[in-house]
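Residue-level structural notes
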Amino acid sequence: MACAVVLNNAAPSAESVAAISDSSQGEYVTFYHGTSAYMADEMVTNQSVNIDRLASYQSSKSFDSGLYMSSQESTANYYSDLLFNGGQGGGPAIVQIDVPAESFNDFVNSSGISVETPVPHPPVPGQTETFVPLNQLNGFNNINGIRFSVKGN
Amino acid sequence: MATEWLDMPVTAISEDDRYPDSDTRHIYEHLLFQCSLPREFPLPAIKARVLDGKVVVTSGHKFLRIAKDLKHPTIRVILDRGDAVSFSLPVGARPIAREDLQRETEVAVVRQHQAFFFEEPLSLEEQKEFEVEIGGFFDRLRTPLIDANQRRLLSVSFPFEGSCAVLEALVPVGDHSWPESYRKACQRFSSGVKKIVSFVGARFA
């Protein structure tokens, strides 16, 4: 699976998520990940992305492996609806990932991942994505203060 | 305490004013129709918690109502017992093995029905365009998960006098490289031919 992450200073759009202020942790950026209810439940319980599962699941695929996320909730909803509306794994779900902005910037700088890459031929103007490859997900999981929660229906 | 995954009789689950339906994304009648189409897997799971000795839905109200309307005997429930650790599960409730759920999420290709509802009925010409541009997308799609020579689009129909389109296709849900292109094709149809109101029961944006 490939991965797309969008920063809080991404191209302006109606759904771009501004950094959230938290007195104990500073500012956060928020991303949404469209997946199945089971995977979402697991991600929230473990407060991390299950890298082993992702690796074993995607190892036979020819496309890049990683994790898709977007600052646009509608994009994540679309992905989860399209891929899981059949009900497999409990059906569609959205995981909200809040990441301390400063720590995320450090992670991006140290990992060398590209951020704010425009979606090729985006259906909605302003859509950007960032690919965080599988071999960077351990670092992503270990970002200090990262929080995973299930977004309501 | 970790959440429990259960297959539970729909009659054992109720709604409560303290947990109203906050879902404005789905259109009930469209979602009901989508859920009435043939499917390989059960309806999406709802979330529930134990409240005053009863199982109360907290998220996924529409899927619970649909399960009742379609007379499904059970529905998948992600149950949060909260403080009610001694709560006895309703008769007929049974746990779902996590291995089964895990296996389902690893299914790479799904035979899927997708219902589109439009602002106005499609003309015959527009139906033809839908078949080519949206339905034909899956036959044109290059994916490592389905043999290139295999037909992916299985059927297209236009019920409700053309106000709706239903396509049946082999969808490579394990390949995440194409959904954006598909969305673009749908967007193009919605803005250039006929506005799409909903896709698989959810408002289309």
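Residues numbered from 1 in each chain as written. Chains lettered and ligands numbered in written order. Predicted model: local features only at pLDDT ≥ 70, side-chain atom pairs only at ≥ 80, totals over all residues.

Residues and elements named next belong to chain B. Examined at the domain level, chain B breaks down into domain 1 (4-14 + 23-105) and domain 2 (110-203). Just the C-alpha atoms count here: the centres of domain 1 and domain 2 sit 28 Å apart. With 10 residues of domain 1 in contact, the opposing surface of domain 2 contributes 11 residues. (Domains from an automatic or database assignment. Contact = placed C-beta atoms within 7 Å.)

You will see that Gln47(A), though not glycine, has its phi angle at about 50 degrees, which is positive. With respect to the secondary-structure elements, Gln47(A) resides in the loop between helix H1 (37-46) and helix H2 (51-58). A positive phi angle, near 55 degrees, is found at Phe160(B), a position not held by glycine. With respect to the element layout, Phe160(B) can be found in the loop between strand E8 (153-157) and strand E9 (164-171). (Helix = DSSP H or I, 4+ residues; strand = E, 2+ residues; numbered from the N terminus.)

Here the focus is the interface of chain B and chain A. Opposite the 39 residues of chain B that make contact, chain A presents 33 residues. Mapped onto the side of chain B that touches chain A, the elements with two or more residues apiece are strand E5 (74-80), helix H3 (98-105), strand E7 (110-118) and helix H5 (179-192) of chain B. No other element matches H5(B), which puts 5 residues into the side of chain B that touches chain A. Of the residues that constitute the side of chain B that touches chain A, the class distribution is 17 nonpolar, 11 polar and 11 charged. (Nonpolar A, V, L, I, M, F, W, Y, C, P; charged D, E, K, R; others polar.)

What follows covers the packing of helix H4 (residues 124-140) of chain B against H5(B). Residue and element names in this part refer to chain B. Where H4 meets H5, the axes come as close as 9 Å, and the angle between the chain directions of the two elements is 165 degrees. Classed by the angle they form, the pair H4 and H5 counts as roughly antiparallel. Crossing of H4 over H5 shows left-handed handedness. In contact with Phe 130, Glu 133, Ile 134 and Phe 137 of H4, H5 contributes Tyr 182, Ala 185, Cys 186 and Phe 189. Considered class by class, the residues forming the contact of H4 with H5 number 7 nonpolar, no polar and 1 charged. (Axes fitted to C-alpha atoms, helices over the stretch in contact; angles between N-to-C directions. Parallel < 35°, antiparallel > 145°, perpendicular 65-115°, else oblique. Left-handed = near helix turned anticlockwise from the far one by under 90°.)

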